[in-house]
Amino acid sequence: WTVPAGVTSVDVEAWGAGGAGGGSNNTGSNGGGGGGGEYRKQSGISVTPGNNIAYSVGAAVAGATGAAGSAGADTTFNSTTVVAKGGSGGTIAATGLGGAGGTGATGSAANYNGGAGANGSGANGGGGGEGASDSAAGNAASGTSGGTGTAGGDGGAGGVGAGSQGGNCTSG
C-alpha cells in the first residue's frame, strides 16, 4: 500500500483467519473444530507520504479428509506493527481436539481473541469457534454447533456421522 500525499497517521484494524477443522476418514475418529481468528486494532501509526507499506490479509483455510486442520493465516500490517493471529486447526483422533482461537499478536490498542473450536465427540465433528469482532471476543463452539452471538463471523457446524470433519470458522 502506498501512503497517499498528506497522510501522516493511520488507524489499522485486522482480523486473523479462522482455522480449519480436522478431517477424519474412518470410523472411530472425528475432527475437532477450527478456532476463530483474532481482532487487533492500532490507532495513530505514523506513516510517511509516498512510502510503500507491506500488508497481508490472512487467507481462509479448509479442512481435508484424513488430515488435521491447518491454522488460519495471520493478517499483518508493516510486518509486525499490527498482527492479528489466525485460529488453530482442529486435530483428528478418537476425540479430535478443537483448535484454539487466535490470540497473542501485536498492536497496542483493542484486542479480542477468537473463540475455540469444540472437540469432536462420538462420531461427530466439533463445531468451529467464532471469529472475534471489533467489540468482543469470539464465542467458543459447543458440541457440533459453531460459536455464535457477537458481530464476529460465526463458526461452522461440525460434521455428523462416522468419520466426521470438524467445522471451519467462517470469518477472518
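Residues numbered from 1 in each chain as written. Predicted model: local features only at pLDDT ≥ 70, side-chain atom pairs only at ≥ 80, totals over all residues. Heavy atoms only, no water.

Novice: Can you tell me about the pattern of salt bridges, naming the residues and giving the values?
Specialist: Following the criterion strictly, the structure yields 2 salt bridges and no others. Measuring nitrogen to oxygen at the nearest pair gives 3.0 Å for the salt bridge that ties E38 to R40. This pair shows no difference in class: E38 is buried, exactly as R40 is. The salt bridge involving K85 is made with D74; its shortest N-O contact spans 3.2 Å. Of this pair, K85 sits in the loop between β6 (82–84) and β7 (92–93) while D74 sits in the loop between β4 (55–56) and β5 (75–77); the two residues are 11 residues apart in sequence, bridging distant segments of the chain. A relative accessible area of 28% places K85 in the partly exposed class. (Salt bridge = Lys/Arg side-chain N within 4 Å of Asp/Glu carboxyl O. Buried < 20%, exposed > 50% of the residue type's maximum accessible area, 1.4 Å probe, protein only. Helix = DSSP H or I, 4+ residues; strand = E, 2+ residues; numbered from the N terminus.)

Novice: Account for the sheet that holds strand β1 (residues 9–15), naming residues and giving values.
Specialist: What the 3 strands build is an open sheet, ordered β1-β3-β8; its pairing is antiparallel. A single partner strand is all that each edge strand has here, and the edge strands are β1 and β8 (111–112). In this sheet, strand β3 (residues 39–46) lies alongside β1 in antiparallel orientation, the contact comprising 6 bridges. Across the sheet, S9 pairs through a bridge with S46, a residue of β3. (Pairing = 2+ DSSP bridges.)

Novice: Report on the sheet that holds β6, specifying residues and quantitative values.
Specialist: Spatial ordering of the open sheet is given by β4-β5-β6, a layout of 3 strands whose pairing is antiparallel. In this open sheet, the two strands that pair with only one neighbour each are β4 and β6. Examined bridge by bridge, β5 and β6 share 3 bridges and lie antiparallel to one another. Residue pairing across strands places T75 opposite A84, the latter belonging to β6.

Novice: Run through the packing of aromatic side chains, naming residues and quoting values.
Specialist: In the structure shown here, the tally under the stated rule is 3 aromatic pairs. Ring geometry for W1 versus F77: centroids 6.3 Å apart, planes at 50°, classification tilted. Here W1 is found in the segment before β1, whereas its partner F77 is found in strand β5, with 76 residues between them in sequence. The class for W1 is partly exposed, based on a relative accessible area of 38%. Here a set of aromatic residues connected by ring pairs shows up, and it is made of W15, Y39 and Y112. (Phe/Tyr/Trp six-rings, centres within 6.5 Å; stacked < 30°, edge-to-face > 60°.)

Novice: Tell me about the nonpolar core, and name the residues and values.
Specialist: With 10 residues, the main nonpolar core is built from V3, V10, V12, A14, I45, V47, I53, F77, V82 and A84. If you list the elements that add at least two residues to this core, you get β1 and β6. A per-element tally of this core places β1 first, with 3 residues. (Core = buried A, V, L, I, M, F, W, Y, C linked by side-chain atoms within 4.5 Å.)

Novice: So what's going on with unusual backbone geometry? Residues and values would help.
Specialist: A positive phi is found at N78, a non-glycine position, where the angle reads about 55°. Take N78: it is sitting in the loop between β5 and β6. Of note in this structure, S79 is not a glycine but carries a positive phi near 65°. Relative to the assigned elements, S79 resides in the loop between β5 and β6.

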